[in-house]
Amino acid sequence: MYSLIENEVTKMIAKKRLMFVLAILVILISVFAYGQNRTLARTKAQLTQRMGITATTDWHKLAEQQLIDMKGRLDSPYMDAKSQSSLTVKMQQLQYDLDNNINPLDQSAAKFTATFMEQSIFLFLPLLIVILAADMVSGESSSGTIKLLLVRNIPRWKILLSKYLALIILEVVVIFCAFLLSALISGFFFGFGGWMAPVATGFRVLAGKLDASGVFNVPEWQFSLMVYSLAFFVAVVVGSISFMISVLVKSTAASIGIILATLIAGNFISFFLSDWTLTHYLFMVNLRLTDYLSGAVQPVDGMNMLFSVTVLIVWALVSTIVSFVYFTKKDILV
Amino acid sequence: MLKKTIWYSVFTVAIAGIVVLAGGFYQALKVTTESSPYQPAKVIMAQTSGSSTEAELKNTNSLQLLILGDSIAKGTGDEKGKGFSTDLPQAIKTDTPKDILVTDAGINGLESQGLLAQLQNGSLNKPLAGANFILISIGGNDLRTILSLNPQAQEDEFKIKQDSYLSNLKQVLTILRSSNPNAYIVFLGLYNPYEKTTTEEEVSLWQEWNYNTEQLIESNPKAICIPSDDLMKFNLGKYLAPDGLHPNSAGYLALSDRIRKSLGGVIAGM
């Protein structure tokens, strides 16, 4: 089994698919980091124009003032309990910036790394995984090499399992490289620090509303870890589904086409049909797991972290079962 | 050989990665579903003098001041953390031997709709009934929302905003008067913190706003509208906080002093 997996991984690397995916990552991260850099400069210029040069360069005074104001608001007996925790979290963040002399406007490699994956998790990351997964089986069918695999005296399920595990290994590699590359490349633009800065998390969706009463700060490295872990989960789910399609369809092009169309359609559906409950059970609609973490979620009644994770797990399980049943039963005529 | 090395490094990364990512995934689930594992830093509820009003509601040796409205009522921008709730009693104190009890119910970002709701829910009934003076600062947040619009939309939106603002303010005054017919109401007019960037049209809209407010307030015999714009216009550098919107400590002192002068006649008689 071990040597089978080794064989599959080596094959994927030899086929240059992984290199291709990593090259896309390098190019896109560089472009994004450069874009972020430009946006930052423009925002600062606008602020300077509106509020005077002091707002961007001499931000200490402004931050201290904001801290005093927030403290005053916290002390007010007319402050409702709900907004207290989000205010406390904001104060902690501002205090951290002040203590460590970080301009709150500035970007850091840590912030960028987390944001990059938050933005990639619903479309870009799935695309990369599809590139890897979509021809794992169908590629063998179309090139005819599947014969060579099956004539060896190994049960079919073992062959498929080794392919599936190889895919999971490659998914870890992609996530790992995405993290490493975005931390490194953005570091050249924004400096390599920021990993200890506090980030707010702990939002919950209760009865279709975003509840910020339990909000607290975690350091940026921990936040990024959670973001990339969710991204890995999404990668496994999308990987399983494209793996299934790759088993069902013989042509690689068709298998990539099907899964891409599904992903892109999913983004439209979540946009247009958000009040149609049935769409909540589509996997494409549930990919934005990191939004639950950062509180960026558009609250939809009945959808929360547990719901989305459960839906995705069911999709992954069903796809895997279908792949295995179909692959062991089907007649292979090449 | 190279293939072997690549395979071993990939395998190690994968195993270590899966362990770490599983941990992170568990954390992420915990954070978003369980009740917060870390309690937010304990919030200390400072007892303002507001709570003492209850006991001394009918105390004839004291004057009661109720401050209502937005961030300016709250004292936002004062680097010493004082604002009207400290500065105004101190200013008035020079005219009267009596104690001055303050209830500051200002809330940052409050619009006229919010002020009306705050009064309607009844939480302020007690300080309201006992107040000798009521200071109101409201409307700035209503008006500020139209700044980002283009000139055409600005004019339409201004009419809508102003209508709802004036009707809210009218109801606020009715509530104030029905629960306390004798208090002196002091309304603080709006100043323009964006002196440098406002267009001529915006200035005229904002003047219209102030004028209509003044008409409404002054129609009430025991109410006064005190402009702040004439005090601030040429002194923005001196009186404005670093956030470019609220008054700073000197600004609040200057405004308090002005209010004290306006009220001088009635305070002496109390």
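Just above sits the structure.
Chemist: A description of the overall build of chain A should follow, citing residues and the corresponding values.
Modeler: The helix and strand inventory of chain A stands at 14 helices and 4 strands. Burial analysis of chain A (334 residues in total) assigns 41% to the buried set. When contacts within chain A are restricted to residue pairs at least 6 apart in sequence, long-range pairs at least 24 apart make up 79% of them.

Chemist: Explain the overall build of chain B residue by residue, including any values.
Modeler: The helix and strand tally for chain B stands at 11 helices and 5 strands. Looking at the 270 residues of chain B, the share that counts as buried comes to 38%. Here the analysis covers contacts within chain B between residues at least 6 apart in sequence; of these, 79% occur between residues at least 24 apart.

Chemist: An account of the interface of chain A and chain B is requested, with residue identities and associated values reported.
Modeler: By a frequent convention, interface size equals the accessible area lost on bringing the separate parts together. With 44 residues of chain A at the contact, the number on the chain B side is 42 residues. In terms of residue class, the side of chain A that touches chain B is built from 26 nonpolar, 11 polar and 7 charged.

Chemist: Kindly report on helix α7 (residues 124-133) of chain A, identifying the contributing residues and their values.
Modeler: Burial analysis of α7 of chain A places 7 of its 10 residues in the buried class, which makes it a mostly covered element. For α7 of chain A, the complete set of buried residues consists of Leu125, Pro126, Leu128, Ile129, Val130, Leu132 and Ala133 of chain A.

Chemist: Explain the sheet that holds strand β2 (residues 99-104) of chain B to me, using residue names and the numbers behind them.
Modeler: All names here are of chain B. A sheet is described by the order of its strands in space; here 5 strands give the open sequence β2-β1-β3-β4-β5, paired in parallel fashion. Pairing within the sheet leaves two strands with one partner each, and these edge strands are β2 and β5 (223-226). Going from strand to strand, the sheet's axes swing by 20° on average, the running direction of each strand aside. As judged from the 6 bridges shared by strand β1 (residues 62-69) and β2, these two strands associate in the parallel manner. Bridging from a neighbouring strand, Leu65 pairs with Val102 of β2.

Chemist: Talk me through the pairing of strand β4 (residues 184-188) of chain B; I want residue IDs and the actual numbers.
Modeler: All names here are of chain B. A large share of β4 lies buried, amounting to 4 of its 5 residues. Direction of pairing for strand β3 (residues 133-137) relative to β4: parallel, over a ladder of 4 bridges. Bridging from a neighbouring strand, Leu135 pairs with Val186 of β4. Alignment of β4 against β5, held across 4 bridges, turns out to be parallel. Pairing of Ile185 across the sheet is with Ala223, part of β5. For the crossover from β4 across helix α8 (residues 200-218) to β5, the handedness is right-handed.

Chemist: Could you give an account of the environment of Tyr194 of chain B, with specific residues and numbers?
Modeler: Within the secondary structure, Tyr194 of chain B sits in the loop between β4 and α8. Under the C-beta neighbour-count criterion, Tyr194 of chain B is labelled partly exposed, with 16 such atoms within 10 Å.

Chemist: Tell me what's going on with the environment of Asn235 of chain B, and back it up with residues and numbers.
Modeler: Residues and elements named next belong to chain B. With respect to the element layout, Asn235 can be found in the loop between α9 (229-232) and α10 (236-239). We classify Asn235 as partly exposed; it has 15 C-beta atoms within 10 Å. Residues Asn235 and Gly251, spaced 16 residues apart in sequence, show a C-alpha to C-alpha distance of 8.9 Å.

Chemist: Could you give an account of the pairing of β1 of chain B, with specific residues and numbers?
Modeler: Residues and elements named next belong to chain B. Where burial is concerned, most of β1 is hidden: 7 out of the 8 residues are buried. Inspection of the sheet shows β1 paired to β3 by 5 bridges, in the parallel sense. By the bridge assignment, Leu68 is partnered in β3 with Ile136.

Chemist: Talk me through the packing of helix α1 (residues 2-14) of chain A against helix α10 (residues 156-190) of chain A; I want residue IDs and the actual numbers.
Modeler: To describe two helices that pack against each other, one gives the angle between their axes and the distance between the axes. Residue and element names in this part refer to chain A. Two numbers describe how α1 lies on α10: the axes approach to 8 Å, and their chain directions differ by 55°. The angle between α1 and α10 places the two elements in the oblique class. For the crossing formed where α1 meets α10, the hand is right-handed. Of the residues in α10, those touching α1 at Leu4, Ile5, Glu8, Val9 and Met12 are Lys158, Ile159, Ser162, Lys163, Leu165, Ala166, Ile169 and Leu170. Class assignment for the residues of the contact of α1 with α10 results in 9 nonpolar, 1 polar and 3 charged.

Chemist: Please provide a residue-by-residue account of the packing of α10 of chain A against helix α1 (residues 2-33) of chain B, values included.
Modeler: Running from amino to carboxyl end, α10 of chain A crosses α1 of chain B at an angle of 75°, the nearest separation of the two axes being 9 Å. As summarised for this structure, α10 of chain A and α1 of chain B are arranged roughly perpendicular, according to the angle between their axes. Mapping the contact onto sequence places Ile169, Val172, Val173, Ile175 and Phe176 of chain A in α10 of chain A and Val10, Phe11, Val13, Ala14, Gly17, Ile18 and Leu21 of chain B in α1 of chain B. Looking at the contact of α10 of chain A with α1 of chain B, its residues break down into 11 nonpolar, 1 polar and no charged.

The rules behind the values
Residues numbered from 1 in each chain as written. Chains lettered and ligands numbered in written order. Predicted model: local features only at pLDDT ≥ 70, side-chain atom pairs only at ≥ 80, totals over all residues. Helix = DSSP H or I, 4+ residues; strand = E, 2+ residues; numbered from the N terminus. Buried ≥ 20, exposed ≤ 12 C-beta atoms within 10 Å, placed from the backbone. Contact = placed C-beta atoms within 7 Å. Nonpolar A, V, L, I, M, F, W, Y, C, P; charged D, E, K, R; others polar. Pairing = 2+ DSSP bridges. Axes fitted to C-alpha atoms, helices over the stretch in contact; angles between N-to-C directions. Right-handed = clockwise from strand over helix to strand, strands pointing away. Parallel < 35°, antiparallel > 145°, perpendicular 65-115°, else oblique. Left-handed = near helix turned anticlockwise from the far one by under 90°.

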